[in-house]
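Now for the letters of each chain:
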Amino acid sequence: VSPTAYAQATIRATIERLVRDIGNIAPDDSRFGESTDLFDSGYIDSLGIVSLTARIETEFGVTPTEQDLFDPRFTTIAGMAEIIAARLTPNRP
Amino acid sequence: MLETYLPIPNAVWATNAFSLINAHHLPGTDDLTQTTGRFAAVRRSGDTIVMTRDTFGLNKLYFALDRRRLLAANYLADLVSAGACLDAIYAVPAGTATTVDLRRRTIHLRRYHHLPPAAGAEAVPHEQLAIARDQLTDSIRQVAAAYPSATVAVCLSGGLDSALIAALTRQHFADLTAYTYTFDDGTGQLSPDAIAAERLARRLGIRIRLVRADESKILNALPRALRFGQDWRDFNLHCAIVNELLAEAIASDIPPNDQPVLVVTGDLMNEFLGDYTPIRYRDHEYYSLPDIGPDLLRISLVRGLQCGDREVGVFAARGLTVLQPYANLGDHLLRVPSRMAKRDVINVLAGGLLPPQSYGRAKARAQIGGPTPRSGILPLLVDSGRHGKRLEHEFCDAIGLAHRSPLRGRIRAGTYRFPHQFPPEAP
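Residues numbered from 1 in each chain as written. Chains lettered and ligands numbered in written order. Predicted model: local features only at pLDDT ≥ 70, side-chain atom pairs only at ≥ 80, totals over all residues. Heavy atoms only, no water.

**Points about the overall build of chain A**
Broken down by element type, chain A carries four helices and zero strands. The globule rule puts the C-alpha radius of gyration for 93 residues at 12 Å, and the 13 Å found for chain A is close to it. Viewed in the frame of its principal axes, chain A has a C-alpha envelope of about 40 × 30 × 20 Å. Partitioning the intrachain contacts of chain A with sequence separation of at least 6 by distance along the chain shows that 58% fall at a separation of at least 24. A total accessible area of about 4900 Å² is found for chain A, and carbon and sulfur atoms account for 50% of it. Taken together, the 8 basic and 14 acidic charged side chains of chain A have centroids lying 6 Å from each other. (Helix = DSSP H or I, 4+ residues; strand = E, 2+ residues; numbered from the N terminus. Rg over C-alpha atoms; globule rule 2.2 N^0.38 Å. Contact = heavy atoms within 4.5 Å. Areas by Shrake-Rupley, 256 points an atom, 1.4 Å probe, with all protein chains shown as cover. Lys, Arg positive; Asp, Glu negative; His and termini not counted. Charge placed at Lys NZ, Arg CZ, Asp CG, Glu CD.)

**Re the environment of B:Pro148**
Residues and elements named next belong to chain B. Examined against the element boundaries, Pro148 turns out to sit in the loop between α2 (126-146) and β12 (151-155). Here Pro148 falls in the exposed class, since its relative accessible area comes to 60%. When the C-alpha atoms of Pro148 and His172 are compared, they prove to be 8.8 Å apart, with 24 residues separating the residues in sequence. (Buried < 20%, exposed > 50% of the residue type's maximum accessible area, 1.4 Å probe, protein only.)

**Focus: empty space enclosed by the protein**
What the rule picks out here adds up to three cavities of 30 Å³ or more. Reported here for the largest cavity is a volume of approximately 90 Å³. In terms of lining residues, the largest cavity is bounded by A:Val50, A:Thr53, A:Ala54, A:Glu57, B:Pro117, B:Ile292, B:Leu296, B:Ile299, B:Ser300, B:Arg303 and B:Ala413. If you list the elements that add at least two residues to the lining of the largest cavity, you get α2 (46-60) of chain A together with α8 (294-303) of chain B. Across the lining of the largest cavity, the residue classes break down as seven nonpolar, two polar and two charged. (1 Å grid on protein atoms, 1.4 Å probe; cavity = no way out; pocket = protein on both sides within 12 Å on 5 of 7 lines; lining within 4 Å. Points joined across faces, edges and corners; volume = space filled by probe spheres on them. Nonpolar A, V, L, I, M, F, W, Y, C, P; charged D, E, K, R; others polar.)

If you want it as structure tokens, here you go:
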């Protein structure tokens, strides 16, 4: 497993924990997963996204930008992890 | 290639002076970090269009990219009327400049103002509050210096925020009228807020005009509050209704003349200090807040200011220029610790200007309260079915959409839609 893949898996697990907590999602909810559209499915509403972004900032020290918030990837846990991982990785020459 | 619909003038404080300027212009400084107030400016040079918006997004700046043009507007309704599809409409985020290059098909966002990650950075805020107090006084003095003959109204709710603004404005404008909304439930009783406002106005030597509104007047104000307040969510909409009623009264009292009509308000302090609580009515929670600590909540509330137009848009649609002096103190107020009570903050800012009894009243909200706990705008709208999805539908109607569109997801974490890349359907 590459360090990048490992980091993304860790980020995904953390975001999943945050989303489950904020959305009050049952552990055995079979509809919920890393690729579920959190907005369309109603797991995260307009207040939930405020809590989620605030807790992402606290957990990762990354503030989602306006462009991040409306990036189509930002609708799923897997996509959010990609965005955050990219922001955490220093640019290489 | 570029079409603009920018009827709302920019109201800016820069280089120790206040001015109202055309919406296409920014004040005479390139350093936007030194500019306060509210503005939305659009400038074109060849294929490049730069759209700039004030620190807290008080002036709205929506844009749409369609096959042939970039359209920019203060009001969503103007973009809809010019043929833009709702799904092609975005907003320039607060505190940024957005550069669109139509030939290269690029869109670039540059942030010139950053909100802090959390409020309350200053454990002992005396210095911040001293700066804020001077800045507040200077802001109003500079308005009086620039427009000594302006007709001035102040919105006086009966609460502390507007009380301080009224007292300061009174120091610089001799001829001033306070406008106070009160719900008319047919009993002739005034709301506790209106009673407090009357008492304060007398004490400050300000003429007061009570604006009474009964059920039918409030429901009649709804379409304009939606259209020009540019928000379907209950809290901002209820505020916009109060402001629409006040704006109508002010505009009808003051005949058109060649001087601006300035409406000074105490808005925004609640966001900077996080002074909000949810309200329960008929077993449902309204004005809900996110489940985060007070320091983060304040930032979240301030970020959300860019998405509603409950004051600037509503008053401007009646030809009135609203001034929100607390906006100029935002960065200082956000440093005040969250544990500091608002009355203590206002007390420092007021420096003895307000009578002691002003500080003892329990907080009430004009948009909720009538003479009794079950009368007012919130109960009236809820009981007439105007909440949730119904308000979304009425919003679509009010801004002129031919088809009602889902609005969910259009605002995320206090930010209106912004394209993450140059829209593929654009020219």
